[in-house]
Amino acid sequence: MILLKMAVRELLSHKKRSIVTLLLSAFSTALFIFANALNNGSHNQLIRSSVEIYPGYMQVTNRAFEDNPSFDNLIFDIANVKNRLQGIEEINASAVRFETYALYSTNEQSIGGMFTAIEPENEAEVSRLKRSLVEGEYLTEDDTNALYLGVELAQRLKVGVGDTLSFISTGADYSFAADNLVVKGLFKTKLYEFDNGSGFVNKKYFDEVMSSGNIATHIIMSPTDISQIDTITLNVQKALGKELEVKNYKTTLEDLILAMEIDTIFGYITLGIFFIVIFFVIGIFAFLSVYARIRQIGVLRAIGTTPSQVMGMLLIEALILGFLSVGLGGAAGAYATNHYEKHPIEIASLADVDPEEYAKQYNMVAEVTFPAEYNPPKIMVEMLIMLLLNLLTVVYPIVIINRFTPTEAIRYV
Amino acid sequence: MFNSTERLYLKMALLHIVRRKGRAALISVMIAISLIGLLLMEGMYEGMMVQITQNSIKTGSGTVSIQDKEFRSDNNIKYFIAKPQKITEILDAQEGIQSYVIRLSQRGLIATAGYSQGVNVTGIDLENEALHSQLKNFIIKGEYRFGKRQRGALIGYRLAKKLKVDIGKKVIVTMQDTHNEVVSVALKIEGILKTNNMAIDSNGLLMDIGRLRTLTGIEGATEIAVLLNEQDDDTAVKRSIMSKLDDPKITVYTYKELYPSLHEGEAMMQTYSRISSAFIFIVATLGIFGVVLVSVLERVREFGIMMAIGTQFRDIARLIIYESLVITMSGYIAGALIGGGMLWYFKQYGLDLSGLSDAFAIFGMDSSIHAILKIEYFTSAFLSVLVATLAATVIPIRTLKKRNPIQSISENT
Amino acid sequence: MMNFLTVRNVKKVFNEGSENQSNALSGIDLSIGKEEFVVISGPSGSGKSTLLNIIGGLDTPSEGSVELKGTVITALSENDLALFRRENIGFVFQAYNLIPVLTVKENIEYVMRLMGIAQSECDARVLEVARELDIDAYLNKLPDHLSGGQQQRVAVARAVASKPKLILADEPTANLDTANGEKLMELMRRLNEEEKVTIIFSSHDPMVISKARRSIVLRDGEIIEDTLRS
């Protein structure tokens, strides 16, 4: 008790030093929490968008499709696969796709692009394709000859909603397939390459012209719980058997996830340099505060205070400052994190940067906002780390002070 | 350089530092470590930015690029440069030019047996290109050649991976000619390129320019890419060429105009570095301040005695400043030597991160990062340390003056 | 009868092996009985403080041993030594050495609090000692607000409050005027007689030396005189 009292009085008798230490540590805590939250939040958003815009969380293909994406390696009995998928509770929704390429032609232009058949209603459950509509209408299950086209591709083809163009492609039976299509709607996903090279049609119509009934290249699924995706992937794989291959976004978007990790590492490097300096300064202040008291500590030792009690007293001081500053910084960081989760930071307000231009360069989704991720358990862990760092700053002074004998300490000038 | 009293002060400063070596060491180490961190951060980040820019400039547009005015917004082959000779004559006479190449690009569709996708077809002259962009060095598989009767092609490694094609395999490239007719050509893959320029790696196919001219029926070029001796001459050279050219249809772009995101990225990185170092030095100033204040206050009597025997207060102030400078500058020197040494090493040998090369490639970087080493880093850090030190001594010196050292001798302590 | 304190062949060498090696104590043998009132005198540098520090377990001898109340304290660990000092020894320093952030009362009760004595008991003992030393008016003040004489009395109060068996005082009157010095010696004598506390202190003040019953004189780290007065 008396040691606690002394620790508090010591802090109060050097108010300026305590306040500077406290503010530095509070600032670092807030910075740490906020930087992590922003990093996680924006990466998660980028990954989520990248996944949800089109690729989907999980996909089924023929096992041989990845190595040889030819029409010999398709999913040949969709009905059967779908049946089996329906028995799996962890799967929320699934949609069938047939992806191929076609040459889109108008009177003036011919441009190659992705030509994909989708089940319009199911597709809306597994991707943001429907939500990306910017003009005209999305596809329906009864559509024939209706094309849902990326805005950038439409611009290059110089077509708009209601215009007609034709496509040339190869059917699932390797026959030549061609027909006229009317542009029904235009979409913009903010993924430039995608908007610049894709068109979609209703699968029922597609099956007629391409002879692809009950056949698909992919089945896209969305799981009920994304955090359990690896387990779910394994379960689905087991249910579907060896012929088919089940993958989730961690595999299909491996590069993007790795890129985000690298970005995180760079963030930590900068943060690390900041922290080294901040904690050096906090450590220096702790060191000076202990050195100013060497005599006093010598006396305390002389009259019967044990070295571990001295250590305890110094640790209590560090703990008090630590708790206060981490609490303060934690509250500020949590508040900012919560705020910027609801009101993400807009890139345009940060610098004179055009996010679409930026994203185009790196072939990523153009995100105009950076949301933070408000995650209280994570914040608690981060606060605990900062508290430990605070305690670490008194380790050196404690080691030094315990090297003195009481007489040396009392005589210290 | 120092007179005898100054030498004496310097000696006193040194002796006092030795007496309190623990705290002096803390400050020196703090400055050294933060300087190492800052130098590495600046040098490596700038190295990355330069690398990304260089990768885009070298194998892409060059430092300046000459094109038809409409070509950039609408990548249509009909916007071609009909008489490149007229421009090359100007370029041959222009000063400051390292090399230039004439290229012809058209978008098309690339197909293998079962898979096809959009592609950027660029016609080049192998020999010129080898001299200009060292394209030959980017071959990771196969040969740098177009083979018999120019029937071969070079292809980006990501595109090759996606198409599952390898050396010796054939691809069919379909595109539009100048009369809007669809033309196809079969090309044998002779070489696979890894340039870390995403436009080539993910989407690029390179073929002989003569063959592409025959195919498309265009005798000219779509772009003349120019590399300058000095990258910063871009605007001046642009102006000079524009005035000599005097053709309203043709325009010259600098790399900053072509890749605005790169330029913005560089500017953002610089601002980021500046804010970081300002922050670090402000925090460091606090640490220096704490140590100087304590070391001044514990010597009030000592200073009093010095004044009693005839030392002027400004000499005492000088002594304090010397002492602080010796401590911080030794940190600066250590940090500059170690940090500079590390940067020099990374400049010579690069920081090898080949394990992450695919992810780096997304950002347009090579797997080995070569640092930049600029004198400016050291001079600006030197000034920062100097300013931080002087700023940190202001309050302690004032406090000392208020304490009136000469009177403190007679006071009983 | 067993001695209260036995010092056997204690040597202390500073800066051993270096150029400025100095022998502070060169083989001291000394026995002190219970309830003795001893003064150690001698010129500056004779080893008075070093001997007191070694007896109090604040410093370790280069050679030899110290046995106090049957415990060889030179063999104890830092931690056990601290506990031993807490229980058995009270210190009075020349420079008072009060804890600046604690009030007079807290300074006095500090050792008792470490010993885990109940607050009510502490309060009573503090009041008793403070009255005795005439400092009960300043109990809630911080040491900085007291005069030198008052501070030294607080230091004595701190040393005696926990009822140690031995009080060690290193030049306790050096910073006091004659009147205060005499008062302090009177107090020490009373503690010795009434509370049966063994007292050992160092001094080179003839007035102080004359108050003690046994006088030991040191020179160059050796005992050159050891006299008992009646």
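Residues numbered from 1 in each chain as written. Chains lettered and ligands numbered in written order. Predicted model: local features only at pLDDT ≥ 70, side-chain atom pairs only at ≥ 80, totals over all residues. Heavy atoms only, no water.

### Some words on the overall build of chain B
Argument step 1. For chain B, the count of helices and strands is 15 helices and twelve strands.
Argument step 2. For chain B, whose C-alpha radius of gyration is 31 Å, the value lies well above the compact-globule estimate of 22 Å for 413 residues.
Argument step 3. Expressed as lengths along the three principal axes of its C-alpha atoms, the size of chain B is roughly 105 × 45 × 30 Å.
Argument step 4. Residue burial in chain B is summarised as follows: out of 413 residues, 55% are buried.
Argument step 5. Sequence separation of at least 24 residues holds for 78% of the intrachain contacts in chain B that already meet a minimum separation of 6.
Argument step 6. Surface exposure of chain B reaches about 18700 Å², of which carbon and sulfur atoms provide 57%.
Argument step 7. Taken as two groups, the 46 positive and 39 negative side-chain charges of chain B have centres that lie 7 Å from each other. (Helix = DSSP H or I, 4+ residues; strand = E, 2+ residues; numbered from the N terminus. Rg over C-alpha atoms; globule rule 2.2 N^0.38 Å. Buried < 20%, exposed > 50% of the residue type's maximum accessible area, 1.4 Å probe, protein only. Contact = heavy atoms within 4.5 Å. Areas by Shrake-Rupley, 256 points an atom, 1.4 Å probe, with all protein chains shown as cover. Lys, Arg positive; Asp, Glu negative; His and termini not counted. Charge placed at Lys NZ, Arg CZ, Asp CG, Glu CD.)

### Some details on the pattern of salt bridges
Residues and elements named next belong to chain C.
Argument step 1. Enumeration over the complete set of coordinates arrives at 40 salt bridges over all chains.
Argument step 2. Close ionic contact of Arg 189 with Glu 186 constitutes a salt bridge, the shortest N to O distance being 2.6 Å. You can see Arg 189 and its partner Glu 186 sitting in helix 6 (residues 178-194), three residues apart, about one turn around the helix.
Argument step 3. Given the relative accessible area of 26%, Arg 189 is considered partly exposed.
Argument step 4. Salt bridges sharing common partners tie together Lys 105, Glu 109, Arg 113 and Asp 123. (Salt bridge = Lys/Arg side-chain N within 4 Å of Asp/Glu carboxyl O.)

### Quick look at the sheet that holds strand 1 (residues 5-14) of chain C
Residues and elements named next belong to chain C.
Argument step 1. Taken together, four strands build an open sheet; the order of strands is 2-1-4-5 and the sheet is antiparallel. Edge positions in the sheet fall to strand 2 (22-32) and strand 5 (71-72), since each of these pairs with one other strand and no more.
Argument step 2. Pairing analysis gives two bridges linking strand 4 (residues 63-68) to strand 5, with the strands arranged antiparallel. Directly across from Glu 67, in strand 5, lies its bridge partner Val 72. (Pairing = 2+ DSSP bridges.)

### Describing the packing of aromatic side chains
Residues and elements named next belong to chain A.
Argument step 1. Across all of its chains, the model carries 27 aromatic pairs over all chains by this definition.
Argument step 2. An angle of 40° between the planes, with centres 5.7 Å apart, marks the rings of Phe 71 and Tyr 174 as tilted. Here the residue Phe 71 occupies a position in the loop between strand 1 (58-62) and helix 3 (78-86), and Tyr 174 occupies one in the loop between strand 6 (164-170) and strand 7 (176-187), the gap between them amounting to 103 residues.
Argument step 3. Seen in terms of ring centroids, Tyr 104 and Phe 115 are 6.0 Å apart; in terms of plane orientation they differ by 80°. Their pairing is edge-to-face. Remark: Phe 115 occurs in strand 3 (residues 110-118) and Tyr 104 occurs in strand 2 (residues 91-105); sequence separation between them is eleven residues.
Argument step 4. Here the guanidinium or amino end of Arg 97 rests over the ring plane of Tyr 54, the centre of that ring lying 3.8 Å away. (Phe/Tyr/Trp six-rings, centres within 6.5 Å; stacked < 30°, edge-to-face > 60°. Lys NZ or Arg CZ within 6 Å of the ring centre and 35° of its normal.)

### Some words on the interface of chain A and chain C
Argument step 1. Facing 26 residues of chain A, the contacting portion of chain C comprises 24 residues.
Argument step 2. When chain A packs against chain C, close to 2400 Å² is buried across both sides, 58% of that on carbon and sulfur atoms.
Argument step 3. Interface area lost by chain A to chain C is led by Ile 2, Arg 9 and Ile 303 of chain A, which between them contribute 26%.
Argument step 4. In this structure, the salt-bridge partner of Glu 78 of chain C is Arg 301 of chain A, at a minimum N-O distance of 2.7 Å.
Argument step 5. Among the secondary structure elements, those contributing two or more residues to the side of chain A that touches chain C are helix 1 (2-13), helix 11 (294-302), helix 12 (307-342) and helix 17 (406-411) of chain A.
Argument step 6. Looking at the side of chain A that touches chain C element by element, the count peaks at seven residues for helix 1 of chain A.
Argument step 7. A per-class count over the side of chain A that touches chain C returns eleven nonpolar, nine polar and six charged. (Buried area = accessible area lost by both parts, 1.4 Å probe. Nonpolar A, V, L, I, M, F, W, Y, C, P; charged D, E, K, R; others polar.)

### A closer look at the pairing of strand 8 (residues 198-202) of chain A
Residues and elements named next belong to chain A.
Argument step 1. Among the five residues of strand 8, five are classified as buried, and the element is accordingly described as predominantly covered.
Argument step 2. Sheet topology note: the strand 3/strand 8 ladder contains five bridges and is parallel. Looking at the pairing, Met 114 lines up with Ser 198 of strand 8.
Argument step 3. Sheet topology note: the strand 5 (residues 146-150)/strand 8 ladder contains two bridges and is antiparallel.

### Structural notes on the domain arrangement of chain B
Accessible area lost when the parts come together is the quantity often used to give the size of an interface.
Residues and elements named next belong to chain B.
Argument step 1. Domain parsing of chain B yields domain 1 (4-56 + 262-412) and domain 2 (70-248).
Argument step 2. Using only C-alpha atoms to locate each centre, domain 1 and domain 2 end up separated by 50 Å.
Argument step 3. Listed per partner, the contact involves eleven residues of domain 1 and nine residues of domain 2.
Argument step 4. Summed over both partners, the interface of domain 1 with domain 2 buries about 730 Å², with 36% contributed by carbon and sulfur atoms.
Argument step 5. In this structure, the connection of domain 1 to domain 2 is made through zero salt bridges. (Domains from an automatic or database assignment.)

### Considering the arrangement of the chains
Argument step 1. Where two pairs of chains are in contact, the pair with the most contacts is made of chains A and B.
Argument step 2. What separates chain B from chain C at the closest point of their C-alpha atoms is a distance of 9 Å, and the two make no contact.

### What to know about unusual backbone geometry
Argument step 1. The residue Asn 196 of chain B is not glycine, and still its phi comes out positive at about 60°.
Argument step 2. Within the secondary structure, Asn 196 of chain B sits in the loop between strand 7 (182-193) and helix 6 (198-201).
Argument step 3. The buried category is assigned to Asn 196 of chain B, whose relative accessible area is 5%.
Argument step 4. Not every positive phi belongs to a glycine, and Glu 35 of chain C is a case in point at roughly 65°.

### Looking at the environment of Ile 320 of chain B
Residue and element names in this part refer to chain B.
Argument step 1. Residue position: Ile 320 is located in helix 12 (residues 313-349).
Argument step 2. Given the relative accessible area of 3%, Ile 320 is considered buried.
Argument step 3. Separated by 154 residues in sequence, Ile 320 and Asp 166 place their C-alpha atoms 71 Å apart.
Argument step 4. The residues touching Ile 320, leaving out its near neighbours within four places in the chain, are Val 292, Val 296, Phe 303, Thr 393, Ile 397 and Leu 400.

### Comments concerning the side chain of Glu 373 of chain A
Argument step 1. Summarising the element assignment, Glu 373 of chain A is placed in the loop between strand 12 (369-370) and helix 15 (376-392).
Argument step 2. Within the structure, the side chain of Glu 373 of chain A is placed 3.0 Å from the side chain of Asn 44 of chain A, a separation counted as a polar contact. (Polar contact = N/O pair within 3.5 Å; in protein donor to acceptor, adjacent residues only side chain to side chain.)

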